[in-house]
Amino acid sequence: MRPHLHASLLLTTSVLAQVPIDPPPDAQVDELVQIVAHLAADEMRGRATGSPEQIAASNFVAQQFATLGLEPIGDAQDGRRTWLQWFPVEQLAVAPQSKFVVDGRPVPNQFVVMTSTELATNISGPMQFCGLGRTTGPNPDVAVGANLTGKIAIAVVPTKGDAAPNLTAEQRFGISFQTYRQLAKVATALREKGAAAVVFVQVRDATGLTDCLSALLPSTQQPRISLPMPSTRERTNSTAGGAPAIVLSLQASKVVLEALHLTEQELGEHLDYGQGVVTARTDVPATLDLEVAVHTDAKACNVVAVLRGNDPKLAHQAVLYTAHVDHIGCRMDSVPYNGANDNASGVAGLIGVARTFAAGPRPRRSIVFLVTAGEELGLWGSRFFVDHPAWPIEDIVANINFEMIGRTGRCTVTEFIATPSYRHPRFSSLGHDAAQIATGQGITLLPGDEHYRQSDHFPFAERGIPALSIGDGNFADYHLVTDDVEAVEWQARAGGDAGGGGTREARGDGRAGAANQAGSGGVVGAHASRPGLLQQVTGMRRRTIRDGGQQVAVNLSLESERRGESFRSPSLPASRRRH
Ligand SMILES: [Zn+2]
């Protein structure tokens with residue numbers, strides 16, 4: 001669906017289409033690929049907000065800014081501005097010495113704790129297998145009169161064999177969240193029977209319960225992060241609420257099932273049909289040593305930098321570019337969510353924009369770059385910036401946000417999703433200009449208003465600042481561990497590319513030509529096995545992230561300066577917005 005353009009505004013289209021911007025030379029483009037590879041490396045452990053890796057990623061971005069000659073406008077320290085703007089977060093963390101030992105053998109430290117509060121406990125006792133943990137109904141796993149006092153109750157997570165393979169991320173999360181609520185009920189029922197602890201084992205995971213629980217609960221891999229609580233009164237000790245409950249990863253579950261002499265096959269039948277008696281050893285000793293503590297002194301950081309404009313009348317105004325560097329950390333089984341597309345690609349795009357501005361003639365307005373953290377948890381970094389602006393908020397004339405710009409799927413290679421679109425009440429002249437500039441570059445911006453509240457432009461748009469988020473929209477590996485650098489669709493570039501802006505056919509090398517014939521228009525998917533990042537990056541020497549979004553973003557700012565106008569939000573009367 002293309003935006004409706006009004007005749008009076010169409011007059012400017014030919015001018016917009018000619019806004020000159022030189023494509024960066026190949027060497028620079030390759031660095032953008034390296035930036036994605038660096039941020040999305042396993043060592044970055046998914047850049048969870050407030051983690052050492054997120055802070056390292058932010059410092060890496062700051063280094064890039066420093067190299068480009070930008071000026072830091074983060075927190076002041078000893079009278080000088082630093083690159084980083086810190087904001088407080090709170091961690092609910094499983095202490096590293098926490099462990100579950102079965103028959104003298106430590107189970108791999110891969111579990112989540114079903115708690116929202118602190119707890120400390122050390123429980124020893126025999127394991128009691130409780131099937132699906134049903135205590136009522138026609139076919140209970142635990143007899144009505146059973147007494148689990150002193151026992152560590154082991155229950156299997158209910159899951160049918162096959163989930164529909166084409167579930168969306170939201171559907172997977174929805175189904176898994178229902179399972180999680182069911183587990184909470186089972187835990188309560190088993191506590192009422194006297195269980196000293198409840199341990200859930202997983203036999204299979206067809207709907208992404210592992211992902212869901214890793215996002216919701218503190219695990220042995222990472223704390224649960226929240227904004228600081230207003231007072232300590234809200235943190236009550238949950239041990240009063242009863243025995244602790246944990247959910248083991250698939251791998252950790254195997255050790256427990258082995259110790260109980262249970263096979264996955266007999267459990268699978270039990271899960272599928274909910275019938276039959278599954279007998280397990282009853283004499284296996286276990287110990288659950290668990291400590292979960294709140295850390296109120298944790299911090300996360302934004303990166304903030306400026307390239308000052310050269311027009312004394314306009315330099316106090318700023319166009320603000322944003323992208324989030326945080327992602328969702330590690331899964332409970334320690335596999336990192338590398339977030340190559342979400343949003344290492346957006347950060348690389350933002351750095352690409354900074355490069356372009358730093359290399360070209362100084363713009364008249366200042367350009368502010370904000371690389372946030374806490375986005376995945378609720379736009380914390382951008383909200384914090386709006387409340388504690390490192391640049392006067394009334395002088396921010398526009399915000400352009402990058403959210404996942406490295407994959408196709410919902411978009412083809414010549415499309416991006418944009419929001420607020422012409423269908424949205426917050427549609428501004430910024431969005432209008434973007435659509436026209438994009439058209440001039442052979443790119444179509446599709447309305448993506450279902451994502452309007454989902455990224456860092458939102459707090460700015462809600463403040464009435466003309467804002468626009470550019471991205472891919474949903475893609476197959478969204479918030480999965482498969483959002484990896486190999487799956488980013490690198491765009492081939494021919495040597496000495498003189499193609500100007502645009503991502504159309506003219507740009508391909510040999511492989512892109514093949515891709516063109518296959519109908520994917522100049523994009524080469526790099527779905528290789530993982531030969532090590534360095535080798536990969538070298539292998540991608542002639543590739544870049546698809547840069548149409550960056551070029552639209554840069555030209556947006558330049559075009560408004562050329563016209564000597566600012567942005568208006570919303571730009572069109574309501575009657576003209578509804579088509
Ligand atoms: Zn994102």
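See above for the structure.
With that settled, the discussion passes to the overall build of the protein chain. Looking only at helices and strands, one finds 16 helices and 22 strands in the protein chain. For the protein chain, the residues scored as buried account for 57% of the 579 residues in total. At a minimum sequence separation of 6, the contacts of the protein chain that also span at least 24 residues come to 86%.

In the first shell of the zinc ion, the protein supplies His 324 (NE2), Asp 342 (OD) and Glu 403 (OE), at 1.9 to 2.2 Å from the metal. Expressed as a motif, the donor residue spacing for the zinc ion is H-x17-D-x60-E. A residue pair is termed long-range when its members are at least 10 positions apart, and His 324 in strand 14 (residues 318–324) and Asp 342 in helix 9 (residues 340–359) qualify at 18 residues. Note on accessibility: His 324 and Asp 342 belong to one class, buried.

Side-chain positions along a regular strand alternate between the two faces of the sheet. With 2 bridges joining them, strand 1 (residues 71–72) and strand 13 (residues 285–307) adopt antiparallel strand pairing. Directly across from Glu 71, in strand 13, lies its bridge partner Val 306. Sheet topology note: the strand 5 (residues 99–102)/strand 13 ladder contains 4 bridges and is antiparallel. Counted as the bridge partner of Lys 99 is Asp 289 from strand 13.

Our next topic: the nonpolar core. Soluble, globular proteins show a tendency: their nonpolar side chains are buried together. By size, the foremost hydrophobic cluster in this structure holds 61 residues, and its most contacted members are Phe 65, Leu 70, Tyr 321 and Phe 369. At 9 residues, the largest contribution of residues to this core is made by helix 9. Among the nonpolar cores identified, the runner-up in size contains 37 residues, and Leu 92, Val 113, Leu 248 and Leu 262 belong to it.

Enumeration over the complete set of coordinates arrives at 10 aromatic pairs. Ring centres of Phe 65 and Phe 369 lie 5.8 Å apart, and the angle between their planes is 40°; this geometry places the pair in the tilted category. With Phe 65 in helix 4 (residues 52–67) and Phe 369 in strand 15 (residues 366–372), this pair connects stretches of sequence that are 304 residues apart. Take Phe 65: its relative accessible area is 0%, and that puts it in the buried class.

It is worth spelling out the pattern of salt bridges at this point. For the structure on display, the rule yields 12 salt bridges. Between Asp 477 and Arg 407 there is a salt bridge, with its nearest N and O atoms 2.7 Å apart. Here the residue Asp 477 occupies a position in the loop between strand 19 (467–471) and strand 20 (489–492), and Arg 407 occupies one in the loop between strand 16 (396–403) and strand 17 (415–419), the gap between them amounting to 70 residues. On the accessibility criterion, Arg 407 (7% relative accessible area) is buried. Via salt bridges that share partners, Arg 172, Asp 211, Arg 331 and Asp 333 belong to a single interconnected network.

Turning to its location among the elements, Thr 49 is positioned in the loop between helix 3 (26–39) and helix 4. Side chain to side chain, Thr 49 and Asp 326 meet in a polar contact 3.4 Å long. Not counting residues up to four positions away in its chain, the partners in contact with Thr 49 are Gln 54, Val 89, Ile 225, Ala 300, Asp 326, His 327, Ala 373, Gly 374, Leu 377 and Trp 380.

Time to look at the packing of helix 11 (residues 429–440) against helix 15 (residues 548–562). Where helix 11 contacts helix 15, the axes come no closer than 9 Å and their chain directions differ by 120°. It follows from the interaxial angle that helix 11 and helix 15 lie oblique. Crossing angle aside, the handedness with which helix 11 passes helix 15 is right-handed. Contacts from Leu 430, Asp 433, Ala 434, Ile 437 and Ala 438 of helix 11 reach helix 15 at Val 552, Asn 555, Leu 556 and Glu 559. The residue inventory of the contact of helix 11 with helix 15, partitioned by class, reads 6 nonpolar, 1 polar and 2 charged.

Moving on, we come to unusual backbone geometry. Note the cis peptide between Asp 342 and Asn 343, where omega equals 10°. With respect to the helices and strands, Asn 343 occurs in helix 9. Although it is not a glycine, His 479 adopts a positive phi angle of roughly 55°.

Our next topic: helix 5 (residues 169–192). Spanning 24 residues, helix 5 covers 35 Å between terminal C-alpha atoms, matching the ideal 34 Å at 1.5 Å per step. Buried residues of helix 5: Ser 176, Thr 179, Tyr 180, Leu 183, Val 186, Ala 187, Ala 189 and Leu 190, and no others. Along its buried surface, helix 5 packs onto strand 9 (152–156), strand 10 (197–201), helix 6 (209–216) and strand 12 (245–248).

Here is what the cut-offs are and how they apply
Residues numbered from 1 in each chain as written. Predicted model: local features only at pLDDT ≥ 70, side-chain atom pairs only at ≥ 80, totals over all residues. Heavy atoms only, no water. Helix = DSSP H or I, 4+ residues; strand = E, 2+ residues; numbered from the N terminus. Buried < 20%, exposed > 50% of the residue type's maximum accessible area, 1.4 Å probe, protein only. Contact = heavy atoms within 4.5 Å. Donors = N, O, S within 2.8 Å, 3.2 Å for Na, K, Ca; no water. Pairing = 2+ DSSP bridges. Core = buried A, V, L, I, M, F, W, Y, C linked by side-chain atoms within 4.5 Å. Phe/Tyr/Trp six-rings, centres within 6.5 Å; stacked < 30°, edge-to-face > 60°. Salt bridge = Lys/Arg side-chain N within 4 Å of Asp/Glu carboxyl O. Polar contact = N/O pair within 3.5 Å; in protein donor to acceptor, adjacent residues only side chain to side chain. Axes fitted to C-alpha atoms, helices over the stretch in contact; angles between N-to-C directions. Parallel < 35°, antiparallel > 145°, perpendicular 65-115°, else oblique. Left-handed = near helix turned anticlockwise from the far one by under 90°. Nonpolar A, V, L, I, M, F, W, Y, C, P; charged D, E, K, R; others polar. Expected span 1.5 Å × (residues − 1).

Spatial relationships are all this shows, so hold off on functional conclusions.
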